[in-house]
Amino acid sequence: MRWFACVVVVVACVFAGSWIGSAQQPGLSKDNGRTAAWQSGEWISYGNDPGETRYSPLDQINRSNVTRMGLLWTSVVGEGGGNQEATPLYSGGVLYAITNWSIVFAVDAHTGRELWRYDPKVDRSFSTPGANRGICCGVVNRGIALHDGKVLAPVIDGRMVALDRKSGSVLWSTRLLPEDSTGYSITMAPRVAGNKVIVGAAGGEFTPHRGFFSAFDVHSGRELWRFYTVPGDPSKPFESKAVEAAAKTWTGEWWKYGGGGSLWDGLSYDPEANLIYVGTGNGVPWPQILRGQDGYDNLYVSSILAVNADTGELKWHYQAVPGDSWDIDTVQQLILADIEIEGRVRKVLIQASKGGFLYVLDRITGQFLSATPFAPLNWANGHDADGRPKINREAYYTTTQPAVISPSSGGAANWAAKAYSPNTRLVYMPVGGFSSRTYVAIPFDLQAARSIQENGTPRGGRMPPQVVASPVTPPYIGPPRTLRGGYLVAFDPATRTERWRVEGGGGSGGGAVVAASNIVLQTINDGRLRALAAEDGTVLWEAQTGQGGIGPPISYQLDGKQHVSFLSGTGRGGGGLRPMVYTFALDGKAPMPTASAQ
Ligand code: CA
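Residues numbered from 1 in each chain as written. Predicted model: local features only at pLDDT ≥ 70, side-chain atom pairs only at ≥ 80, totals over all residues. Heavy atoms only, no water.

Q: Help me out: how do you make sense of the overall build of the chain in this one?
A: Each helix and strand in the chain was counted, giving three helices and 41 strands. Scored against the burial criterion, the 598 residues of the chain give a buried share of 64%. For the chain, the computed accessible surface area is about 19,500 Å², with 50% contributed by carbon and sulfur atoms. (Helix = DSSP H or I, 4+ residues; strand = E, 2+ residues; numbered from the N terminus. Buried < 20%, exposed > 50% of the residue type's maximum accessible area, 1.4 Å probe, protein only. Areas by Shrake-Rupley, 256 points an atom, 1.4 Å probe, with all protein chains shown as cover.)

Q: Mind showing me how you'd approach the packing of aromatic side chains here?
A: Pairs of aromatic rings are described using the distance from one ring centre to the other and the angle between the two planes. The final tally for this structure, using the stated rule, is 22 aromatic pairs. Ring geometry for phenylalanine 357 against tyrosine 359: centres 6.1 Å apart, planes inclined by 40 degrees, an arrangement best described as tilted. We classify tyrosine 359 as buried; its relative accessible area is 1%. Every member of this aromatic cluster is reached through a ring pair, and the members are Tyr318, Trp326, Phe357, Tyr359, Phe368, Trp379 and Tyr396. Arginine 54 extends its terminal NZ or CZ atom over the ring of tyrosine 46, reaching a point 4.7 Å from the ring centre. Between arginine 481 and the ring centre of tyrosine 476, over which it is positioned, the NZ or CZ distance is 3.7 Å. (Phe/Tyr/Trp six-rings, centres within 6.5 Å; stacked < 30°, edge-to-face > 60°. Lys NZ or Arg CZ within 6 Å of the ring centre and 35° of its normal.)

Q: What's the story with the pattern of salt bridges in this structure? I'm lost.
A: Between side chains of opposite charge, pairing is possible as soon as their charged atoms come close. Counted according to the given criterion, the structure contains 23 salt bridges. A salt bridge links aspartate 148 to lysine 150; the nearest nitrogen and oxygen atoms lie 2.6 Å apart. On the basis of relative accessible area, lysine 150 is assigned to the buried category, the value being 9%. A salt bridge links glutamate 498 to arginine 501; the shortest N-O distance between them is 2.8 Å. Where salt bridges share partners, they join Asp270, Asp338, Lys347 and Arg363 into one cluster. (Salt bridge = Lys/Arg side-chain N within 4 Å of Asp/Glu carboxyl O.)

Q: Looking at this model, I keep getting lost on the sheet that holds strand E6 (residues 89–91). Mind explaining?
A: Remark on secondary structure: sheet strands pair via backbone hydrogen bonds, oriented parallel or antiparallel. The strand order across the open sheet built from four strands is E6-E7-E8-E9, with neighbouring strands paired in antiparallel fashion. Among the strands making up the open sheet, the edge pair consists of E6 and strand E9 (114–118). Sheet twist, expressed as the average angle between the axes of neighbouring strands with direction ignored, equals 20 degrees. Bridging between strand E7 (residues 94–99) and strand E8 (residues 103–108) involves six bridges; their strand directions are antiparallel. If you follow tyrosine 96 over to E8, its bridge partner there is alanine 106. (Pairing = 2+ DSSP bridges. Axes fitted to C-alpha atoms, helices over the stretch in contact; angles between N-to-C directions.)

Q: Any chance you could explain the confidence of the model for the chain here in plain terms?
A: For residues with low pLDDT, the predicted coordinates do not support detailed interpretation. Of all residues in the chain, 88% have pLDDT values of 70 or greater, and the mean over the chain is 89. Contacts of residues 1–29 to residues separated by more than four positions or lying in other chains number 135 contacts, the stretch itself having pLDDT below 50. Confidence over residues 447–463 falls short of pLDDT 50; this stretch has 55 contacts with residues more than four positions distant or in other chains. (pLDDT = per-residue confidence, 0-100. Contact = heavy atoms within 4.5 Å.)

Q: Would you take a moment to explain the coordination of the calcium ion for this structure?
A: Each angle at a metal carrying four tetrahedral donors should ideally be 109.5 degrees, and each at a metal carrying six octahedral donors should ideally be 90 or 180 degrees. Here the calcium ion is held by Glu205 (OE), Glu205 (OE), Asn282 (OD1), Asp327 (OD), Asp329 (OD) and Asp329 (OD), and the distances to it run 2.2 to 2.9 Å. If you look at the calcium ion, its six donor atoms make angles of 46 to 168 degrees with each other, and the shape they trace is irregular. In the primary structure, the donors to the calcium ion are separated according to the pattern E-x76-N-x44-D-x1-D. You can see glutamate 205 sitting in the loop between strand E15 (196–200) and strand E16 (212–217) and its partner aspartate 329 sitting in the loop between strand E21 (314–319) and strand E22 (335–341), a full 124 residues away along the chain. Taking relative accessible area as the criterion, aspartate 329 reaches 2% and is therefore assigned buried. (Donors = N, O, S within 2.8 Å, 3.2 Å for Na, K, Ca; no water. Tetrahedral: all angles 85-135°; square planar, octahedral: opposite > 155°, others 65-115°.)

Q: How should I be thinking about the pairing of strand E31 (residues 435–439) in this particular structure?
A: When a strand is regular, its side chains alternate between the sheet's two faces. Burial analysis of E31 places five of its five residues in the buried class, the great majority of the element. Residues Ser435, Arg437 and Tyr439 of E31 are buried on one face, and the alternating residues Ser436 and Thr438, pointing to the opposite face, are buried as well.

Q: Which parts of the structure should I look at to understand the pairing of E8?
A: Among the six residues in E8, six count as buried, and that is most of the element. Here E7 folds back onto E8 in antiparallel fashion, the turn holding three residues, of which tryptophan 101 has a positive phi close to 65 degrees. Across four bridges, E8 lies against E9 in antiparallel orientation. Residue pairing in the sheet places valine 107 in a bridge with glutamate 114 of E9. Between E8 and E9, which pair antiparallel and follow one another directly, the connecting turn spans five residues, one of which, glycine 112, has a positive phi of 85 degrees.

Q: What exactly am I supposed to notice about the nonpolar core here?
A: Nonpolar side chains in soluble globular proteins tend to be buried together. Judged by nonpolar contacts, the single largest core of 58 residues is most densely connected at Met69, Leu95 and Phe584. Among the nonpolar cores identified, the runner-up in size contains 37 residues, and Leu176, Ile198, Phe213 and Leu305 belong to it. (Core = buried A, V, L, I, M, F, W, Y, C linked by side-chain atoms within 4.5 Å.)

Q: Which parts of the structure should I look at to understand empty space enclosed by the protein?
A: If you roll a probe as big as a water molecule over the atoms, it shows you where there is empty space left. Here the largest cavity defines a volume of roughly 110 Å³. Contributing to the lining of the largest cavity are 14 residues, with Arg34, Ser45, Glu52, Arg191 and Val192 lying nearest its centre. Those elements giving two or more residues to the lining of the largest cavity turn out to be strand E14 (191–193) and strand E18 (267–270). For the lining of the largest cavity, the residue count by class is eight nonpolar, three polar and three charged. (1 Å grid on protein atoms, 1.4 Å probe; cavity = no way out; pocket = protein on both sides within 12 Å on 5 of 7 lines; lining within 4 Å. Points joined across faces, edges and corners; volume = space filled by probe spheres on them. Nonpolar A, V, L, I, M, F, W, Y, C, P; charged D, E, K, R; others polar.)

Q: Just to check I follow, could you spell out the sheet that holds strand E12 (residues 159–164) for this structure?
A: Spatial strand order, E10-E11-E12-E13: four strands in an open sheet with antiparallel pairing. The open sheet is flanked by strand E10 (145–147) and strand E13 (170–175), the only strands paired with a single partner. Pairwise comparison of adjacent strand axes, ignoring direction, gives a mean angle of 20 degrees for this sheet. Of the strand pairs in this sheet, E12 and E13 are connected by five bridges, and their pairing is antiparallel. What sits directly across from leucine 163, in E13, is valine 170.

And the structure:
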């Protein structure tokens, strides 16, 4: 028997857009010293603190001396072959990071000298387009975790490994995904909660795909619990009350497509509440009508979930895009902060989403507090009081009726790192330039178990859609569509207003750190590191590495000196530069590497 679903085809891409528009740090403790390490100037967690604010308490680099910033050292990270999307970690004089093909390495942070390297020897055919296995968006990993003398590393082919922090030798290796799994991968950074390491499965651009994430014992690698983000075959027992409830929001034979709801980016932890927060991706296949789910919410795709760290039990959920048809993954960074809203300090979760809304939720109860457009968008025209988006009816494209949707599936915000400062009470977020895509659904063969879309285009040369109507464009809300290009945007989540916007940056690639001296350090995918004034966005200093495929920066203290490090380079760009770690500090005098000097 053959099962048919669909793909989404990009008929057109349109680019245009710009627009301009306080708090206390959350009481994050009970976290095995992670908060203390953060406050001491180390960077031992992916988002720096468990609440993933990427706020640095360091203040040595400031507005008056930032022009003395210079390159201290570089270190070649490996063979390249993809973007450097990883956030490195720093602890005890050593930088740890992961690069293409899940190769993990440690370098002396004084000099960049390599201390050890671990190559999991991923089958290089893993990403072959058209193969039954595969990954949608490059052979990338976004990060690792440090805990208990271990480097906890995801391998893109589905393994989780624990390496001895001093030697890089393997302490345990286990699998999140079966060896023969198709279309699944791990690209997100694992995070530590207590003595557990949490990681989820990516691959929601393939079908069938059923999203989930798991907690492993840091000491043994034993899987302690697993949370499925969408329900499975209802003829079998449900794995949890959460998926039993979710099954009521699906119809037909959804499990044959898998449902979707993958994880590939955001995860944060509130140690006091003992809650893990994750975001989930799109449903599969993208268009709801061809999933046979017309009018159903399809929980928990495109949602933010709060889960008990000990049990894996769902505490609350917020579905940002009920029945998502537009690849509006809701997986972006989940920032935890305590902010005053209308005279009351709230423990909130903040997410700047692919869909162009900045969400503020009560992170204890899940109560919806606000959603504010920070990019021009037209898939929805606002939200009900309970947070349900009012999706425009014109946004529901079919096999014959295309629709022009903004933001495109590239997202207004995406995996580029955001930062939140308790000093300025602003979120600093790289935002993609305005873009839209024309979506239309076409059939494909589920049994092939191949990508349903890659960069919006079907694999395998399937038939084009029988479009009989002109595309419709739903009405826009949010910032006007007047300027082009990407931005760094400073946004006040309490008053829901944009404070400033500066050109440079995008939803995917690079990211931001904000330091106690009110300096924002930003990497941009065109190869730049720059420093901006956190209050008004004045660009104070910048350097050009000469290679894109840049990752988010970190800042840490070593020998009494504030350092800034990041990875950059694909190894296949112009000039032949190899991917490197770049480290900057005040009075750094190293020459910028060039291809001829390598
Ligand atoms: Ca997706």
